[in-house]
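An overview of the molecular structure
Read off the chains here:
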Amino acid sequence: MNRIFFTLLTALSLLSFTNNAPFAAESPAVEEIVNKANLASYYGGDDGRAEISMTITDSQGRKRNREFVILRKDIKDGGDQLFFVYFKKPSDVRKMVFMVHKHLDKDDDRWLYLPALDLVKRIAAADKRTSFVGSHFLYEDVSGRSIVDDNHELIQTTGDSYVLKSTPKDPDSVEFSSYTIWIDRNNYMPMKAEYLDKEGRKYRTVEALLIKDIQGFPTVVKSRVKDHVAKGETVSEFTNIKYNVGLAEKIFTERYLRRPPKAVRK
Amino acid sequence: MKASRFINISLDKPKTVTAIIMLISLILGAMIVKVRVDTDPENMLSEQEGVRIFHHLVKKEFTLHDVIVLGVVNETHPDGVFNPATLKHVQELTEFSKKLADPDDPAKRVVTQNIIAPGTVDNIEQAGLGQVRFEWLMKEAPTSREQALAIRDNAMSNPLLKGTLVSENGKALCIYLPLSSKDFAYNARNQLLEKIETFAADNGDTFYITGLPVAEDTFGVEMFVQMAVSAPLAMVAIFLLMLLFFKKMRLIISPMIVAMVSVISTMGLMIGTGNTLHIMSSMIPIFLMPIAVVDSIHILSEFFDTYPSIQDRRKTLEHVMDQLFMPMLYTSLTSTAGFASLALTPIPPVQIFGIFVAFGIMLAWLLTIIFIPAYIMMMKEENLAGFGIAGKSKAGANDTLMSRILRWLGGFTYNRAKIILALSMVALAISAYGISKITINDNPVKWFKKDHPIRVADTVLNSHFGGTYEAYLILETAEKELDIQGTAKLVTRQFENFSAETQDNKEIASEALSLVREAASSSNSPDEFFNTLTDQIEEKQDAADDKAYDIWADTLDILALVKNRDQVFKNPEVLRYVEGLQEYLLKTGVVGKSNSVTDVVKKVYQELFEAKQEYYRVPDTVNAVAQSLISFQNSHKPDDLWHLVTPDYKKANIWLQLKSGDNQDMEAVVKMVDKYIAENPPPVQLDHKWAGLTYLNVVWQDKMVSGMLNSFLSSFGVVFVMMAVLFRSILWGGLAMVPLSVTIAIIYGLIGLIGKEYDMPVAVLSSLTLGLAVDFAIHFLERARMTFKKMGSWKEAIRDMFEEPARAITRNVIVIAIGFTPLLAAPLVPYQTVGVFLASIMATLLETWLFKKIHT
């Protein structure tokens, strides 16, 4: 379930592929790797629930904490998804909700509920590469980078990883020029992604720090984003992970923003 | 005691003496290659200086950098700078700046992620019905007029950007380029100018670059260039003058050698002992050079005048040395004292400057004593033939203009003592008035001439924007921390209030209250108390039914509010207080604009409510503030918030844009803020402190002024004691102080009268004046006494005094005055020259008066 946080990785499942790898003969095609990565990281259940503790550390070592519950439901495997992010900490944003209806064929719908302002706000989908509540994760990391946004190629196969390089089709729409992703050859879990900025400097790294088996699904339980330019990082730790909890589709509606579903409780 | 025995070695072994001198100066001079240049005026403060430490702490804590301001103004296009062509240039410059680094040291660069430019600032805006959007203000350069104007309108509607990024009339736009290191500013400016050169000039855009780091770094660079020009120029001027006085090229090379050796050895020693070459110490050569030749001129002058009658160089030299040894020693000692007193200032570069000029003066004295005689001994006797006022009788000897004027002056002082006295009194009175008018002020940008591009940029940009000078007003909570009992009491009171609200609350609140008591007795610290209590309430909450769950949740809210009460900059009352302070700051007339966390909260809150004007305010609860702020953090640049508040919300930074970098203006703002806070106590205890380059300049310049005054007074005392010892009379010592006191009074009176502000160069001037003015008094008085002994009559003595001793002094006055004139060519410090010039002339005039007074 936590994989949703590793979604630039899950997004892989939905890519368009180009296979120019010179060693294609000994490695599976990009298409196949991506499909399997997609399977491994995405089809692990019809829905899921996890509690996330996010620690944001800035260049000065100052730490901030965010705690929230994520509910996810897949409308269709490999298709549309629903997310409900319910905040518990910091205490002054408790009950804040971020909800996403992720679509493959059109822009996502996004809502923000601010309890202290008694306000439900739609957030325009114009740019998803903005910070997720001040952390080093981006909204696009939460709801997933769109399937057709990048071209991918297999550039290397190492002892334990397939290394893919992804280049945006519309370079002006994003702040990176490309990213490289390492996918575990055994279970097809994406392990690391490195982003290069327009000047070609590595400025951002996303990593899976710890993977556990939960209900038979390999699951990332600790992940980290590092900002190499401003020197800061965010570490996410996942607890109380459950798959196939039987979430109803109706809880992912505006009505439940003000009155969160029971599923956000333990 | 015959002073001439000190020079026996030079007379006996001139070549050995010369060789040793050359060797030592070569060794010291070799160390000059180790030079490390330092052009940072911040180093005027010691690194341990409290305000400097705080400034750096603030810069680090709020991720602030010293900033280059790059402005573009378009007065001709109807849409001002908001046309596709100009914005394309702006975008190009932004992209160019992102890569801007020092080619020799890539660590010195523009801090890319903190650039403020249309392409790098995030804007929260309305995106259709009920939607907000975080979008770059200018994601790419616009291609149509509509797009360009949309960018203008978005920027204008953002109070954080208006007056900072865009001017209110839309004709100007500023890019703020933060630097990782301040001393990259000059280099960065040059690279930017080169880039701007490549733009087609047909669009009506004018580009300007300013900001304190640029001014300071550029000043440093230009200062060095000028010193490299001025010092040799001074050398040439002195050389030509001496040639005029003494005619013999071979002879006057010797004082030039003394000056060169003094300067080279002093600089070598300074650099060799690990000191950096700072703006101040770069002035050492030009200070030292004229002073170094003074003693030589006395020797040569005397030699020039007496050699024709004695006709033996050894005997002449012995005679000259007997006459001059004591006055030369004392003049050097007093000049040294004048400069050495700078070591008492609390400003490291000024200390270094003072100490090494002092060292240089003593070195020059020593060299004069041992090298000049050696040099003359090494000349062939026939080269001296015809030297001096040869073959003529003393009475009719001197018919040069100088001699005639001096002779007249001698008669005048003797006969018109009262007039001189009266004139001096009038001058003193006027000076006293002038001194009362002196204003202490400085601004690094004003070190440049008015037509310097940096000065022009400063004027233009400050007319369009809130201001290009930055100061940071740091507010920090000073609330006392409570102990466990106090904390528990506070929580108890809140829970009791909560209990009274509804019947449903009552039951749970009473349970919660017992948890409070338990936690209070089992905990050792307030933190532990909160953690224990939170855990226990959460346990209860997890076990509760839906209705109780919510009530338990409310208790958690209450608990969090109490726990986080020290996060004062989420407190609406505090934010409104900051708002009031900012409004007040605008009324000062100096602050053109200020940005704070309050502005962020207000802007976000307004946009969340469809940009309605009535929501442009601070919301009413802590949570509403917090949720507005977390909405802001959903942007591309969430960390921008931490320039204005620390993540623990205990400290806030009000970022002030000042239209003027003058100390006086900054000081006025500081005073007004103090007054405001005293008259309007904040809702919670807040400490306030200042940081930022503009403020830092105020601090070191204040120190400079008070430090200079102290050092001046102490050196004044030292010189007086020296005088008393020299003349073995307190009366004579006191009298020797009179001319220089009057001189200094007149100089500073003049500075006050012409409205020149008391700034760094003027402050340095005082020690120079003190050191030099007293020289003339010493020479005049010491030799007057000698002459009196010989002649037995003051009237005779005076006539004698206005012959060769007066000529020697006059020659020196002219050398010093001319020696400093190359500084006139330096637009940065012209007033120094004027001051020195006046100092010299006044000194001689007043000495003559003084002498007369003693006599009568």
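Because the structure is predicted, anything quoted here is derived from the model rather than measured.

Brief notes about the overall build of chain B
- Looking only at helices and strands, chain B has 30 helices and 13 strands in total.
- Each of the 856 residues in chain B was classed as buried or not, and the buried ones make up 51%.
- Contacts spanning at least 24 positions in sequence make up 79% of the contacts within chain B whose residues lie at least 6 apart.

Focus: the overall build of chain A
- For chain A, the helix and strand inventory stands at four helices and 14 strands.
- With 266 residues in all, chain A has 44% of them scored as buried.
- Pairs at least 24 residues apart make up 49% of the contacts formed inside chain A by residues separated by at least 6 positions.

Considerations on helix 21 (residues 597-608) of chain B
All names here are of chain B.
- Its 12 residues give helix 21 an end-to-end C-alpha distance of 17 Å, which sits within 8% of 16 Å, the value for a rise of 1.5 Å per residue.
- Judged by how many residues are buried, helix 21 sits mostly within the fold: 12 of 12 residues are covered.
- For helix 21, the set of buried residues is Val-597, Thr-598, Asp-599, Val-600, Val-601, Lys-602, Lys-603, Val-604, Tyr-605, Gln-606, Glu-607 and Leu-608.
- Immediately downstream of helix 21, the backbone of Glu-610 shows phi near 55°, a positive value.

Focus on the packing of helix 17 (residues 503-522) of chain B against helix 18 (residues 526-543) of chain B
Residue and element names in this part refer to chain B.
- With their axes 9 Å apart at the nearest point, helix 17 and helix 18 run at an angle of 145° to one another. The crossing of helix 17 and helix 18 is right-handed. Contacts between helix 17 and helix 18 involve Glu-511, Ala-512, Leu-515, Val-516, Ala-519, Ala-520 and Ser-522 on the former and, on the latter, Phe-529, Thr-532, Leu-533, Gln-536, Ile-537 and Lys-540.

With respect to the environment of Gly-752 of chain B
Residues and elements named next belong to chain B.
- For Gly-752, the position within the fold is in helix 25 (residues 730-753).
- A sequence separation of 593 residues divides Gly-752 from Pro-159, and the C-alpha atoms of the two residues are 43 Å apart.
- For Gly-752, the contacting residues outside a window of four places in its chain are Gly-434, Ile-435, Ser-436, Lys-437 and Ile-438.

Examining the interface of chain A and chain B
- At the interface, 28 residues of chain A touch 36 residues of chain B.
- Going through the elements one at a time, strand 6 (109-114) and strand 7 (119-123) of chain A are the ones with two or more residues in the side of chain A that touches chain B.
- Among the elements that line the side of chain A that touches chain B, the one with the most residues is strand 7 of chain A, at four residues.
- The residue inventory of the side of chain A that touches chain B, partitioned by class, reads 13 nonpolar, five polar and 10 charged.

Remarks on the environment of Glu-803 of chain B
- Note that Glu-803 of chain B resides in the loop between helix 27 (794-801) and helix 28 (804-820).
- When the 19 C-beta atoms within 10 Å are taken as the criterion, Glu-803 of chain B is described as partly exposed.

Some points on the sheet that holds strand 2 (residues 66-74) of chain B
All names here are of chain B.
- Spatially, three strands are ordered 7-2-8 in an open sheet, and the strand pairing comes out antiparallel. In the strand order of this sheet, the two ends are held by strand 7 (172-179) and strand 8 (205-210), each with one partner. Between one strand axis and the next, the sheet turns through 20° on average, direction left out of account.
- Seen against the sheet, helix 4 (residues 84-98) touches strand 2, strand 7 and strand 8 and runs at an angle of roughly 0° to strand 7.

Comments concerning the nonpolar core
Residue and element names in this part refer to chain B.
- Core analysis: the biggest nonpolar cluster contains 278 residues, and Ile-68, Leu-70, Cys-174, Ile-175, Leu-177 and Met-289 have the highest contact counts within it.
- When residues of this core are assigned to their parent elements, the largest contribution, 20 residues, is made by helix 11 (residues 348-378).
- In this structure Leu-70 touches Leu-93, Cys-174, Ile-175, Leu-177, Leu-192, Phe-207 and Ile-209, once residues within four positions along its chain are discounted.
- Counting 18 residues, the second-largest nonpolar core is a separate cluster that includes Phe-495, Ala-509, Ala-519 and Trp-552.

Some words on the pairing of strand 12 (residues 202-214) of chain A
All names here are of chain A.
- Sheet topology note: the strand 11 (residues 190-197)/strand 12 ladder contains five bridges and is antiparallel. Bridging from a neighbouring strand, Tyr-195 pairs with Arg-204 of strand 12.
- Here strand 11 hands over to strand 12 after four residues, with Gly-200 in that stretch at a positive phi of 85°.
- Looking at chain direction, strand 12 and strand 13 (residues 217-227) are connected through 10 bridges and run antiparallel. Bridging across to strand 13, Asp-213 finds its partner in Pro-218.
- Hairpin connection of strand 12 to strand 13: two residues between the antiparallel strands, including Gln-215 at a positive phi of 50°.

Notes on the sheet that holds strand 12 (residues 651-658) of chain B
Residues and elements named next belong to chain B.
- Across the sheet, four strands lie side by side as 11-12-10-13; this open sheet has antiparallel pairing. Unpaired on one side and paired on the other, strand 11 (591-595) and strand 13 (686-691) mark the two borders of the sheet. Each neighbouring strand pair of the sheet contributes to a mean axis angle of 25°, computed without reference to strand direction.
- Contacts from helix 23 (residues 663-679) reach strand 10 (469-477), strand 11, strand 12 and strand 13 within the one sheet, and its direction differs from that of strand 13 by about 175°.
- Together, strand 10, strand 12 and strand 13 form the strand contacts of helix 24 (residues 693-727), whose direction differs from that of strand 10 by roughly 90°.

Overview of unusual backbone geometry
- Residue Pro-90 of chain A is bonded to the preceding Lys-89 of chain A through a cis peptide linkage, with omega at 0°.
- One can find Pro-90 of chain A in the loop between strand 4 (81-89) and strand 5 (97-102).
- Backbone geometry at Lys-95 of chain A places phi at a positive 80°, although glycine is not the residue there.
- Summarising the element assignment, Lys-95 of chain A is placed in the loop between strand 4 and strand 5.
- Although it is not a glycine, Thr-63 of chain B adopts a positive phi angle of roughly 45°.

Topic: the packing of helix 17 of chain B against helix 19 (residues 546-563) of chain B
All names here are of chain B.
- Between helix 17 and helix 19, the shortest axis-to-axis distance is 10 Å and the interhelical angle comes to 55°. Overall, the two elements helix 17 and helix 19 adopt an arrangement that is oblique. Considering only the axes of helix 17 and helix 19, their crossing is right-handed. Residues Asp-504, Asn-505, Ile-508 and Ala-512 of helix 17 pack against Ala-548, Ile-551, Trp-552 and Thr-555 of helix 19.

Observations concerning the pairing of strand 4 of chain A
Residues and elements named next belong to chain A.
- Extensive coverage of strand 4 is indicated by the burial of eight of its nine residues.
- In terms of strand pairing, strand 3 (residues 63-74) meets strand 4 through eight bridges, oriented antiparallel. Following the sheet pairing, Lys-73 is matched in strand 4 by Leu-82.
- Strand direction decides the pairing type here: strand 4 and strand 5, joined by six bridges, are antiparallel. From the neighbouring strand, Phe-83 faces strand 5, where its bridge partner is Val-100.

Remarks on the confidence of the model for chain B
Residues and elements named next belong to chain B.
- Here chain B averages 82 in pLDDT, and 89% of its residues register 70 or above.
- For chain B, per-element mean pLDDT is lowest for helix 12 (residues 394-397), which scores 42, and highest for helix 20 (residues 572-586), which scores 95.
- Counting contacts from residues 390-397, a segment whose pLDDT is below 50, to residues more than four positions away or on other chains yields four contacts.

Considering helix 2 (residues 14-30) of chain B
All names here are of chain B.
- For helix 2, spanning 17 residues, the distance from its first C-alpha to its last is 24 Å, which sits close to the expected 24 Å at 1.5 Å a residue.
- Restricting attention to buried positions, one finds in helix 2 the residues Val-17, Ser-25, Leu-28 and Gly-29. Projected down its long axis, helix 2 carries its buried residues within an arc of 100°, all on one side. Of the exposed residues in helix 2, those oriented more than 90 degrees away from the buried face are Lys-15, Thr-16, Ala-19, Leu-23 and Ala-30.
- Looking at the buried side of helix 2, the elements it contacts are helix 1 (8-12), helix 8 (249-272) and helix 11.

Parameters at a glance
Residues numbered from 1 in each chain as written. Chains lettered and ligands numbered in written order. Predicted model: local features only at pLDDT ≥ 70, side-chain atom pairs only at ≥ 80, totals over all residues. Helix = DSSP H or I, 4+ residues; strand = E, 2+ residues; numbered from the N terminus. Buried ≥ 20, exposed ≤ 12 C-beta atoms within 10 Å, placed from the backbone. Contact = placed C-beta atoms within 7 Å. Expected span 1.5 Å × (residues − 1). Axes fitted to C-alpha atoms, helices over the stretch in contact; angles between N-to-C directions. Left-handed = near helix turned anticlockwise from the far one by under 90°. Nonpolar A, V, L, I, M, F, W, Y, C, P; charged D, E, K, R; others polar. Pairing = 2+ DSSP bridges. Core = buried A, V, L, I, M, F, W, Y, C linked by C-beta atoms within 7 Å. Parallel < 35°, antiparallel > 145°, perpendicular 65-115°, else oblique. pLDDT = per-residue confidence, 0-100. Arc of directions from axis to C-beta.

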